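Here's the letter readout for the chains.
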Amino acid sequence: HLEVTVYARARSVRFWRVKRLLKRKGYAFEVVVDVTEDGESDSRLPNTDGGRTVPQVFVDGRMVGGLRELRALDRSGDLDRVVHGEI
């Protein structure tokens, strides 16, 4: 497995759902919590073309997306291939 990192706000429902999906798939992942609550982005969140909203999931440093994108990858079967470095 490649390294999976999730950037998120601690009290986000979407973050909880991302964690649940990743755990269900059996993937180990690191969580970087953006503790700002006022809508300001945490400096630890990588600056990407996808914006600075959270949660954001990265696999081996490559942005995969948020909850919506993660679910779509899971439904298509591509999430396993992404995490295993096949695509």
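Position labels on residues start from 1 in each chain and follow its written sequence. Per-residue local features are limited, in this predicted model, to residues with pLDDT of at least 70; the limit for side-chain atom pairs, both in listing and counting, is 80 or more; totals at the level of whole chains, interfaces and linings are taken over all residues. As a rule here, side-chain values come from all non-hydrogen atoms in the structure, and water together with hydrogens is ignored.

Novice: Looking at this model, I keep getting lost on the sheet that holds strand 1 (residues 4-8). Mind explaining?
Specialist: In any sheet, the strands associate via hydrogen bonds between backbone groups, in a parallel or an antiparallel arrangement. When DSSP finds two or more bridges between two strands, those strands count as paired. To qualify as a helix, a DSSP run of H or I must reach at least 4 residues; to qualify as a strand, a run of E must reach at least 2; elements of each kind are numbered from the N terminus. Ordered in space as 2-1-3-4, the 4 strands form an open sheet in which the pairing is mixed. Here the strands that pair on one side only, and so sit at the sheet edges, are strand 2 (30-33) and strand 4 (62-65). Averaged over neighbouring strand pairs, the angle between their axes works out to 30° when direction is ignored. In terms of strand pairing, strand 1 meets strand 2 through 4 bridges, oriented parallel. From the neighbouring strand, Ala8 faces strand 2, where its bridge partner is Val33. Throughout, a residue-residue contact means that at least one pair of heavy atoms, one from each residue, lies within 4.5 Å. Under this scheme, a helix contributes an axis fitted over its contacting stretch, all axes are lines through C-alpha atoms, and angles between N-to-C directions fall in the 0 to 180 degree range. Lying on the sheet, helix 1 (residues 13-25) is in contact with strand 1, strand 2 and strand 3 (56-59); it crosses strand 1 at an angle near 165°.

Novice: I'm lost on the packing of aromatic side chains in this one. Help?
Specialist: Two numbers describe a pair of aromatic rings. These are the distance of the centres and the angle of the planes. A pair of Phe, Tyr and Trp rings is counted when the ring centres sit within 6.5 Å of each other, with Trp represented by its six-membered ring. The angle between the planes then sorts it: under 30 degrees is stacked, over 60 is edge-to-face, the rest tilted. What the rule picks out here adds up to 1 aromatic pair. When the centroid spacing of 5.4 Å and the interplanar angle of 75° are considered together, the rings of Tyr7 and Phe58 count as edge-to-face. In this pair, Tyr7 sits in strand 1 while Phe58 sits in strand 3, placing the two residues 51 residues apart along the sequence. Exposure categories follow from relative accessible area, calculated using a 1.4 Å probe and restricted to protein chains: below 20% of the type maximum is buried, above 50% is exposed, and the middle band is partly exposed. Take Tyr7: its relative accessible area is 14%, and that puts it in the buried class. The class for Phe58 is buried, based on a relative accessible area of 5%.

Novice: Which parts of the structure should I look at to understand the nonpolar core?
Specialist: Across soluble globular proteins, nonpolar side chains have a tendency to be buried as a group. One finds Val6, Val18, Leu22, Leu70 and Leu79 to be the most contacted residues of the largest nonpolar core, which totals 17 residues. For this core, the elements supplying multiple residues, two or more each, are strand 1, helix 1, strand 3, helix 2 (67-76) and helix 3 (78-83). Broken down by element, this core gets its largest block of residues, 4 residues, from helix 1. Setting aside anything within four residues of it in sequence, one finds Leu79 in contact with Leu21, Lys25, Tyr27, Leu70, Leu73 and Asp74. The definition of a nonpolar core used throughout is a set of buried Ala, Val, Leu, Ile, Met, Phe, Trp, Tyr and Cys residues joined through side-chain atoms within 4.5 Å.

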